[in-house]
Amino acid sequence: MFKRLVAASILSLTAIGLPVAASETFTQYKAQSEAKGKKNRPALLKIADGLLADETLSPTQLTYVLHRSALHLVRENRFEQAQKRLAQLKLHLERFPDNNLLGKYHWVSGDLSLLLGDNNSAEYHFSHAVTLFSQTQDTRMLSHAHRLLANVLSAKRDYFQAVSHVYQAKDTALKINHAQLFDAALSTEARIYSDFKQFDKALDVLNQKLQFQNDQPQVSLAHLSSTYFNLAKIYRSLSDHEAALLAFQKAYELDAQLKDKNYMGVSLLNIAKQHLKLEDTTAAQAAVEQALALFIEVKNSQNIGQAQAVLGQVKLANQQFNEAISLLQTGLEKISYDKNRQLNERYRSYLGVAMSHVQPVKAIALLSPMLDTAGTQNTFRILTSLSRAHKRLGNFEQALSYQEQALNHKQTQNEQDITARLEAKKLNSELGLKNLEVSELQAGLEEQQQDTKTRTVVLASAIIVLTNFLLLFYLYHLKRRRVMEKETELLNQSLNLKQQLLADVSHELRTPLTVLKLNIEALEYNLTEDPKATYQVLQRRLDMLNTLIADIYELAQADTNNLRLEFETMQARSLFDELLIAIGPIIEVPDLEISYENRLPDSLLVECDISRLNQVFNNLARNSIHYTDRPGRIEINVFQQQQTIVCTFEDSAPGVSSVALSKLFERLYRCDKSRSRDLGGSGLGLSICEKVIELHHGAIEAKHSSLGGVLIKFTLPIKIAHN
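Counting from 1, residues in each chain are numbered in the order their sequence is written. Side-chain atom pairs in this predicted model are given and counted only at pLDDT of 80 or more, local residue features only at pLDDT of at least 70, and totals for whole chains, interfaces and linings cover all residues. No hydrogens and no water enter the side-chain calculation; it runs on all heavy atoms of the structure.

### Topic: the overall build of the protein chain
Quick reminder of the rule: Runs of H or I in DSSP of at least four residues are treated as helices and runs of E of at least two as strands, each being numbered from the N terminus. Remark: exposure states derive from per-residue accessible area (1.4 Å probe, protein chains only) relative to the maximum for the residue type, with buried under 20%, exposed over 50%, and partly exposed in between. By definition, residues are in contact when any of their heavy atoms lie within 4.5 Å. In these tables, accessible area is a Shrake-Rupley quantity obtained with a 1.4 Å probe, and a residue counts as shielded only by the protein chains included in the view.
Counting secondary structure elements, the protein chain contains 30 helices and 7 strands. Taking all 723 residues of the protein chain together, the buried fraction comes to 43%. Of the contacts formed within the protein chain by residues at least 6 apart in sequence, a portion of 63% connects residues at least 24 apart. Element-wise, carbon and sulfur atoms account for 52% of the exposed surface of the protein chain, whose accessible area totals about 40200 Å².

### So, unusual backbone geometry
Here the amide bond leading from Arg-630 into Pro-631 is cis, since omega sits at -15 degrees, within 30 degrees of zero. You can see Pro-631 is positioned in the loop between α28 (610-626) and β4 (632-641). Backbone torsion omega between Ala-653 and Pro-654 reads 5 degrees, so that peptide bond is classified as cis. Structurally, Pro-654 can be placed in the loop between β5 (644-652) and α29 (658-661). Backbone geometry places Gln-137, a non-glycine residue, at a positive phi of 60 degrees. A positive phi angle, near 60 degrees, is found at Lys-259, a position not held by glycine.

### Observations regarding helix α9 (residues 159-175)
Every α-helix carries 3.6 residues per turn, so stepping three or four residues along brings you back to the same face. Heads up, the condition is: How far a helix is expected to stretch is found by multiplying one less than its residue total by 1.5 Å.
With 17 residues, α9 should reach 24 Å at 1.5 Å per residue; the first-to-last C-alpha distance of 24 Å fits that figure. Just beyond α9, the residue with positive phi is Asn-177, at close to 50 degrees.

### A few points about the pattern of salt bridges
Condition: Any Lys or Arg side-chain nitrogen located within 4 Å of an Asp or Glu carboxyl oxygen qualifies as a salt bridge.
Throughout the structure, instances matching the rule amount to 14 salt bridges. One salt bridge connects Asp-111 with Arg-75, and the closest N-O pair in it is separated by 2.5 Å. Remark: Arg-75 occurs in helix α4 (residues 59-75) and Asp-111 occurs in helix α6 (residues 99-115); sequence separation between them is 36 residues. By relative accessible area, which is 12% here, Asp-111 ends up buried. A salt bridge links Arg-573 to Asp-602; its shortest N-O distance comes to 3.6 Å. With Arg-573 in helix α26 (residues 572-582) and Asp-602 in the loop between β2 (592-598) and β3 (605-608), this residue pair connects regions lying 29 residues apart in the sequence. On the basis of relative accessibility, which here comes to 55%, the residue Asp-602 falls in the exposed class. Via salt bridges that share partners, Glu-593, Arg-633 and Glu-635 belong to a single interconnected network.

Worth remembering: the numbers are spatial, not functional.
Shown next, in the form of structure tokens:
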């Protein structure tokens, strides 16, 4: 506690005005550490040592320096120092907790464990990193952690979990559109499939990776080269040496564009090996000699040794045994057994093959001790070489024994390969069955995934599927109920409208029928003084009934889409003039001033049904005349507005309220409900007008008129003439 108080006091004094030497140094260190490209790690580690000795460094800055310097120590293969630095970081994080930095501590610790070959420790650290980065929502580091955990699980042959984590690494990278992370995840996925002999799937993933890289706006030639190199290795595993050769050559071309001589040489060595498989020793020798020249230029001793050893293989294939022995021995001197045991044993076995032809005693001395430690691929080569060496020495019984061992080893290896392929196919089938589980894990089970085994995953997936099914079932029924409620509401509205319409129609029919009945009874019982006048009343009422029934029939046809129009193309200006002439007898009314203005150009065409437009004109004229007080004024105007023809009927007082104005096109609507049909209308005229104009692809509306009454405006589309 005392130390914390002292540190806080120092920090507060520094903030007040004391110079902070570490501040600028830390800023430079952070900038250099996070800079893209190759870093001068030894120089950064020296700066870090100086910063860690500076007591003015804040806790946050100290955390950063401890983490970054631990990472640099791991990259420089200074593993003991890295472990000590990570221990310092862990203690510091216990005092100053930071989940994101704790996740990075586990990430670097896992990386170190991988390099030290401790897969159990690596799995522990990467699993914790996944959990912590999920909590802090550090998506970039989460993708890294999933990918590295997938590598560890694949090495432990836990392929189910490995594939699950690599899928999550890809999805996480895609969420933030991080091309490099997605590219790295694809490489890991291909390697996992290759690990359990699913070479076809590995090829599919690498081809997907190649397509993804080519789709990027800026293609990394180094990444492309790596992808082609990995493709070649898969083809080589499938013994498709021609395809492998083409892929290695493509990798070499890209390395040449990058002018990376070391990688160019490595690609050339692999090209030479494929030429050897294809028995083209001339091309193989040319490729090796070119690689050797590059390695000598960059002074890479181990690669020089490997090139000399491969050149020895070429000589061996040409049966130039002494030259092969010399080259293989020279190459092996540069390939350290401690640093690269596998490579050293491989070329020693080839040296034994060459010696078995011309130096059988030396071959036996070299190869016999190797049998106990040799790998599967080298064992068959060693046994056949020992058999050949003993045969040349006349030890036929011993030669036969080694030959039988070689044949037995080959048979065992073939059986193991068959078993491995069968296991791979079985595993592939099981992985196919687990794809749904992997998808579910990607959606939301990352935290549970680290320790979950197959049965737990199946159970969790089943619960999720059941939950989703129940949720969907509930939502479906909820939606269905709402739809039914809406349908019921609409049905009730429809029934109410029908009942209202029937009531209105009944009322409209009852009034004239009552008048008819009374007048007929008056005639029957001689109660009328003027029979002729009574007959005229009967005639008017019958005409009104006929009009009402006809209008109802027309609206019913329109509602059922059976109202058909006979369209023809007309000259618009003359059409409206004819329509006005047709309503001439209606508008010749005393005390009403009628004005008509047609401003349409002569060239304008319109497609219409003349009889129906005449009906519209008739209805609108009658409405204006019937509901305009005398003396009054009616104006009819026709003009063009953009691509439409506009026609307006405008009358003087009385007007209607805004509420009534919006209901004028409703069927049987009257502003005054007590008003009778003595004016001769059915109450359906405007509704019919609306239907007719809609069938002409136009629009109709009612507004307040500047004359004091109502303005009815309808529009018709202009017909475009085609040349």
